[in-house]
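# An overview of the molecular structure
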Amino acid sequence: MKDKLNSSYSIDNAVIFEVGNNDFVKFKLNHHSGSSCEAYLYGAHITSWIVPEFGELLFMSNKAEFQDGKAIRGGIPVIFPQFGGGELPSHGFARNREWQVVESGIKENKDVFMALELEHNADTHAIWPYKFKFRLEINLSEKLCIRINIKNIDDKQLSFQQALHTYFKISDISDVSVSGLKDIRYIDKVNNNNEVTEQQSEVKFTTAFDRVYLSTPDTVRLDDPGLNRKFIVQKQNMADSILWNPWESSKNMKDMHENAYQEMICVECGNVVPKVELKPGENFSAEQQLIVQK
Ligand code: TA6
């Protein structure tokens, strides 16, 4: 599989397919600036983003499982067609399916890109009876940009949630803060799903944290003074921002190593409330851009 993909889609040192954990196929993108990223076909799941000046920028659990049907713990899980719990498995099925490579290349602006697709099949139809095509394009420069396009190829309305569930690697959860959410309403999932207004200009983390911020500004910032870096998280056409840290409950998560919660924070972009509604033939396009700065 790896060799076939390399013969069709590899590009010198810019795009290479390799065998990764548990023989799952992954690919590496290398940008001329020295930045790189790595992703698995399984879940179209980015598991590494490196900028030379800063090193690895994404959190991956040392106990992440690479097993069919199990989400990879860390990196950037692709959440679709359901966010969180509900009729479908938690966070839907897109992160637990093998995606197909459809295109790779180097853009005029020197971005290195890879496009993957997940299309409905008998397996997805059995649990979610809708015909869809989901294209995810990873664009690497000094930034990491993910563009998504979801098409309704059914003859009935499509209604779904989607999110990019980014796990950032940080110095210590007690030292970081997220700014840009002051005065924004959020659903507090650790306090009976109460809807509250954010009072803090800088949100800090001192206990288990699970909030869906609604209709948020398109830019939020994650400051990590401990590692002398900040992340700018920019979104387009994604209404909501989600912040999550499991805190001590991570002890009960088989695929989280000891005290992993101290090294990570999820700052996510998505469409949680309301759901995205697509008429037959309609497309939904959105984008998340990650930037790291001193
Ligand atoms: O994005 C936050 C969240 O919805 C939390 O409620 C928690 O469930 C987290 O996602 C991780 O979910 P997972 O199914 O990957 O364990």
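Now for a look at the structure at hand. (Residues numbered from 1 in each chain as written. Predicted model: local features only at pLDDT ≥ 70, side-chain atom pairs only at ≥ 80, totals over all residues. Heavy atoms only, no water.)

### What to know about the overall build of the chain
- Across its full length, the chain carries two helices and 22 strands.
- Here the C-alpha atoms of the chain give a radius of gyration of 18 Å, agreeing with the 19 Å that 2.2 N^0.38 yields for 294 residues.
- Per-residue burial over the chain gives 55% buried out of 294 residues.
- Accessible surface, the chain as shown: approximately 12500 Å² in total, 44% of it carbon and sulfur.
- In the chain, 33 side chains carry a positive charge and 41 a negative one; their mean positions are 1 Å apart. (Helix = DSSP H or I, 4+ residues; strand = E, 2+ residues; numbered from the N terminus. Rg over C-alpha atoms; globule rule 2.2 N^0.38 Å. Buried < 20%, exposed > 50% of the residue type's maximum accessible area, 1.4 Å probe, protein only. Areas by Shrake-Rupley, 256 points an atom, 1.4 Å probe, with all protein chains shown as cover. Lys, Arg positive; Asp, Glu negative; His and termini not counted. Charge placed at Lys NZ, Arg CZ, Asp CG, Glu CD.)

### Focus on the sheet that holds strand 4 (residues 45-51)
- Across the sheet, five strands lie side by side as 1-2-3-4-5; this open sheet has antiparallel pairing. The sheet is open, and its two edges are formed by strand 1 (15-19) and strand 5 (55-56), each paired on a single side.
- In this structure, strand 2 (residues 25-30) lies alongside strand 3 (residues 36-40), joined through five bridges in antiparallel fashion. Considered in strand 3, the bridge of L29 is made with C37.
- Strands strand 1 and strand 2 of the sheet are contacted by helix 1 (residues 2-9), whose axis makes an angle of about 175° with strand 1. (Pairing = 2+ DSSP bridges. Contact = heavy atoms within 4.5 Å. Axes fitted to C-alpha atoms, helices over the stretch in contact; angles between N-to-C directions.)

### What to know about the site of the ligand
- Neighbouring the ligand are the residues R73, F83, S90, H91, R95, H165, K189, D210, I242, W244 and E268.
- K189 places a polar side-chain atom, nitrogen or oxygen, 3.4 Å from an oxygen atom of the ligand.
- One of the side-chain nitrogen or oxygen atoms of D210 is found 2.5 Å away from an oxygen atom of the ligand.
- Against a free-state accessible area of 390 Å², the protein chains account for coverage of 81% of the ligand.
- Considering only residue class, the shell around the ligand consists of three nonpolar, three polar and five charged. (Near = heavy atom within 4 Å. Polar contact = N/O pair within 3.5 Å; in protein donor to acceptor, adjacent residues only side chain to side chain. Nonpolar A, V, L, I, M, F, W, Y, C, P; charged D, E, K, R; others polar.)

### Things to note about the pattern of salt bridges
- In total, this model carries 21 salt bridges according to the counting rule given.
- The partner of K26 in a salt bridge is E38, with the nearest N and O atoms 3.2 Å apart. Linking K26 in strand 2 with E38 in strand 3, this pair joins segments that are 12 residues apart in sequence. In this structure, K26 and E38 share a single accessibility class: buried.
- We note a salt bridge from E119 to K133, for which the minimum N-O separation is 3.9 Å. Residue E119 is located in strand 8 (residues 112-119), and its partner K133 is located in strand 9 (residues 132-140); the two are separated by 14 residues in the primary sequence.
- The partly exposed category is assigned to K133, whose relative accessible area is 29%. (Salt bridge = Lys/Arg side-chain N within 4 Å of Asp/Glu carboxyl O.)

### Examining the sheet that holds strand 9
- Strands sit in the order 7-8-9-10-22-19-18-13-16 across an open sheet of nine strands; the sheet is antiparallel. The sheet is open, and its two borders are formed by strand 7 (100-106) and strand 16 (202-204), each paired with just one other strand. The sheet shows a mean angle of 15° between the axes of neighbouring strands, taken without regard to direction.
- Pairing of strand 8 with strand 9, which is carried by eight bridges, proceeds in the antiparallel orientation. Along strand 9, the bridge assignment pairs L116 with L136.

### Let's talk about the side chain of N271
- In this structure, N271 sits in strand 21 (residues 264-278).
- In terms of polar contacts, N271 uses its side chain to reach the side chain of Q162, at 2.7 Å.
- Looking at N271, its side chain comes within polar contact range of the main-chain oxygen of N237, at 3.4 Å.
- In contact with N271, other than residues within four places in its own chain, are Q161, Q162, N237, M238, A239, D240, V276 and F284.

### Digging into the nonpolar core
- Counting residues in hydrophobic clusters, the biggest one holds 71 residues, and the most contacted among them are W49, L116, F134, L136, I138 and F205.
- With residues up to four places along the chain from it excluded, the contact list for F205 reads I173, S174, V176, S177, V178, L243, W247 and I265. (Core = buried A, V, L, I, M, F, W, Y, C linked by side-chain atoms within 4.5 Å.)

### Points about unusual backbone geometry
- Look at the link from F80 to P81: it is a cis peptide, with omega at 0°.
- With respect to the secondary-structure elements, P81 resides in the loop between strand 6 (78-79) and strand 7.
- The step from V273 to P274 runs through a cis peptide bond, and the omega angle for that step is 0°.
- If you trace the backbone, P274 turns up in strand 21.
- The backbone of D12 sits at a positive phi, close to 40°, despite the residue not being glycine.

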